[in-house]
Every structure is written in C-alpha cells, then in structure tokens.
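Structure at a glance
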Amino acid sequence: MTLLHELNEFNEHSEHSEHDDQYFMQRAFELAQQAEQLDEIPVGAVVVYQGIIIGEGFNQSILLNDPSAHAEMIAIRQAGKHLNNYRLLDCTLYVTLEPCSMCAGLLVHGRIKRLVYASPDLKTGAAGSVFNLVGTSQLNHMIVVDNGIMAQQCSELLSGFFKRRRSEKKLAKNSNK
C-alpha cells in the first residue's frame with residue numbers, strides 16, 4: 001500500500017466532521033477580517049488539536065515589516081508553544097487561502113496532519129493549485145488536504161480587498177497628476 005493510498009484511506013475514515021470544519025473555518029474567517037481591518041491581505045488561520053484551537057493568526061507582514069508573518073506562520077508558532085513541541089502531530093490547520101510555498105514547507109516540516117483551506121490560490125498556491133508541496137512523495141511527510149469550506153465567503157473577502165486596494169491606488173495616482 002502506497003503512502004498516498006494510506007493518506008486517502010485516512011481521509012475517508014477520519015474523525016473530523018463537516019460541522020467541525022465549518023466551525024473552525026468560521027474562526028479563521030473572523031481572523032481574516034481582523035487582518036483586513038489593519039489593511040493586511042485578509043487571510044486567517046487556526047491550528048486545532050483534539051478539537052481545541054491551540055494557535056491562531058492572521059496576516060501581519062505589513063504591520064510587522066516581516067515577510068514571514070503570514071497567518072499560517074503565526075498560528076503554527078503559537079501551536080508549537082502551546083504543545084511545547086516543534087512537531088504538530090495530529091493537528092489540523094484551517095486557513096482561508098491555500099498556503100504559499102513558504103507556508104506549505106512549514107506545514108511539512110511541522111508535521112501537520114491535515115490542512116483545510118477555503119479558497120485556492122491560483123497564483124502562488126502550494127497545496128495543489130500551482131505546486132503541491134504538501135502532497136509530494138519525495139518529501140518525508142505528506143499532508144491530508146481538504147478544501148472548499150466557506151470558499152465563497154473567503155474568496156469574496158479577498159476579492160473585495162484587492163478591488164478596494166486597486167481603486168485606492170488609482171485614486172492616489174490620479175490625485176498626483
């Protein structure tokens with residue numbers, strides 16, 4: 001039996017429920033809204049262990065002048081401190097946008113068991129859309145991935161944010177003429 005087949009078997013028979021997925025993604029969405037309030041790209045993430053949120057974060061790269069301050073990075077750092085371990089075995093990460101390659105690499109190194117993301121990132125997604133770092137058999141860990149929970153709400157939040165940003169840039173450009 002291949003590792004990929006074993007992962008698919010786990011996914012089909014795991015103990016997570018759609019209700020739980022909805023609940024935790026809703027919290028990630030609330031965190032994404034906090035990021036938007038701070039004029040950050042609206043992405044939120046939570047790490048769940050045994051049904052309890054042990055880490056959460058939202059994008060803060062601009063606020064902290066830190067290109068690594070993505071929602072996933074912040075949530076995973078909190079979770080590691082909570083568990084007092086750099087391995088996040090048996091943890092699930094819920095995030096409103098498909099992780100980038102930096103964050104996907106972090107998930108593999110942290111041994112996240114399951115990733116649930118709302119919206120695909122067709123430009124930089126590294127969990128199946130553009131790359132698939134979390135499911136690459138050449139690496140020493142593969143992650144079970146589910147997506148689409150609250151996809152419409154999360155996509156609309158992101159689209160609205162970037163539409164507003166483009167409009168603000170256009171206004172600023174026109175006022176400088």
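Described in the following lines is the structure provided in the data block. Keep in mind it's a predicted model, so treat the numbers as computed, not measured. Per-chain numbering applies: the sequence of each chain, read as written, is numbered from 1 onward. Given that the model is predicted, a residue must reach a pLDDT of at least 70 before its local features are reported, and side-chain atom pairs must reach 80 or more before they are shown or counted; all residues, however, enter totals for whole chains, interfaces and linings. To get the side-chain values, take all heavy atoms of the structure and skip hydrogens and water.

It is worth spelling out the overall build of the chain at this point. A run of H or I in DSSP counts as a helix once it spans at least four residues, and a run of E counts as a strand once it spans at least two, with each numbered from the N terminus. Looking only at helices and strands, the chain has six helices and five strands in total. Along the chain, from the amino end to the carboxyl end, the secondary structure elements read α-α-β-β-α-α-β-α-β-β-α. C-alpha atoms define the radius of gyration, and 2.2 Å times the number of residues to the power 0.38 defines the globule rule. Against the 2.2 N^0.38 benchmark of 16 Å for 177 residues, the chain shows a C-alpha radius of gyration of 17 Å, consistent with a compact globule. Considered along the principal axes of its C-alpha atoms, the chain spans approximately 65 × 30 × 30 Å. Within the span of the chain, comprising 177 residues, buried residues form 42% of the whole. Between two residues, a contact is recorded if the distance between any of their heavy atoms is within 4.5 Å. Relative to all contacts within the chain whose residues are 6 or more apart in sequence, the contacts with residues 24 or more apart total 59%. The Shrake-Rupley method, run with a 1.4 Å probe sphere, supplies the accessible areas, and residue values consider only the shown protein chains as cover. For the chain, the accessible surface area stands at approximately 9,900 Å², while carbon and sulfur atoms represent 52% of it. Where the 16 positive side-chain charges of the chain centre and where its 20 negative ones centre are 13 Å apart. Burial classes follow relative accessibility: with a 1.4 Å probe on protein chains only, a residue under 20% of its type's maximum area counts as buried, one over 50% as exposed, and anything between as partly exposed. Neither His nor the chain ends is counted toward charge; the positive residues are Lys and Arg and the negative residues Asp and Glu. Note that the charge is assigned to NZ on lysines, CZ on arginines, CG on aspartates and CD on glutamates.

Take the packing of aromatic side chains next. In summary, the pairing rule links any two rings of Phe, Tyr or Trp, Trp by its six-membered ring, whose centres are within 6.5 Å, and it sorts them by plane angle into stacked for under 30 degrees, edge-to-face for over 60 and tilted for everything else. Under the counting rule described, the total for this entry stands at three aromatic pairs. Between phenylalanine 24 and tyrosine 94 the ring centres are 5.4 Å apart and the planes differ by 40 degrees, which places this aromatic pair in the tilted class. Linking phenylalanine 24 in helix 2 (residues 18-37) with tyrosine 94 in strand 3 (residues 91-97), this pair joins segments that are 70 residues apart in sequence. In terms of burial, phenylalanine 24 and tyrosine 94 fall into one category: buried. With a centroid separation of 5.2 Å and an interplanar angle of 80 degrees, the aromatic rings of phenylalanine 161 and phenylalanine 162 are classed as edge-to-face. For phenylalanine 161, a relative accessible area of 0% puts it in the buried group. Counting every residue linked through ring pairs, the aromatic cluster contains Tyr23, Phe24 and Tyr94.

With that out of the way, let us pick up the nonpolar core. Ranked by internal contacts, the top residues of the largest apolar core, which has 24 residues, are Val47, Leu93, Leu107, Ile112 and Leu115. Elements that contribute at least two residues to this core include exactly strand 1 (44-49), helix 4 (71-83), strand 3, helix 5 (101-110) and strand 4 (114-119). Nine residue types can take part in a nonpolar core, namely buried Ala, Val, Leu, Ile, Met, Phe, Trp, Tyr and Cys, and a core is a set of them joined through side-chain atoms within 4.5 Å. Grouped together as the second largest cluster of nonpolar side chains are 17 residues, Phe58, Tyr94, Ala118 and Ile149 included.

The next subject is the sheet that holds strand 3. The five strands are arranged 2-1-3-4-5 in an open sheet whose pairing can be described as mixed. Both outer strands of the open sheet, strand 2 (52-58) and strand 5 (144-147), are each paired with one neighbouring strand and no more. On average, each strand axis in the sheet is tilted by 15 degrees relative to the strand beside it, whichever way the strands run. Sheet topology places strand 1 next to strand 2; six bridges connect them, and they run antiparallel. Within strand 2, the position partnered with alanine 45 by the bridge is glycine 57. The convention used is that axes are lines fitted to C-alpha atoms, helices contributing only their stretch in contact, and that angles between N-to-C directions extend from 0 to 180 degrees. Where helix 4 meets the sheet, it contacts strand 1, strand 2 and strand 3, and its direction lies at approximately 145 degrees from that of strand 2. When DSSP finds two or more bridges between two strands, those strands count as paired.

This paragraph deals with the layout of surface pockets. Where empty space is left can be seen by rolling a probe of water-molecule size over the atoms. Both cavities and pockets are sets of points on a 1 Å grid over the protein atoms alone; in a cavity a 1.4 Å probe fits but cannot get out, in a pocket the set is open with protein on both sides within 12 Å along at least five of seven lines, and lining residues sit with an atom within 4 Å of a point. Grid points are joined across faces, edges and corners, and a volume is the space filled by probe spheres set on the points. Volume-wise, the largest pocket comes out at about 590 Å³. Around the largest pocket sit 22 residues that line it, and Ile41, Leu97, Asp121, Thr124 and Phe162 are the ones nearest its centre. Residue assignment for the lining of the largest pocket shows that the elements contributing at least two residues are helix 3 (61-64) and helix 6 (151-175). Here the nonpolar group is Ala, Val, Leu, Ile, Met, Phe, Trp, Tyr, Cys and Pro; Asp, Glu, Lys and Arg are the charged ones; every other residue, Gly included, is treated as polar. Considering only residue class, the lining of the largest pocket consists of 10 nonpolar, seven polar and five charged.

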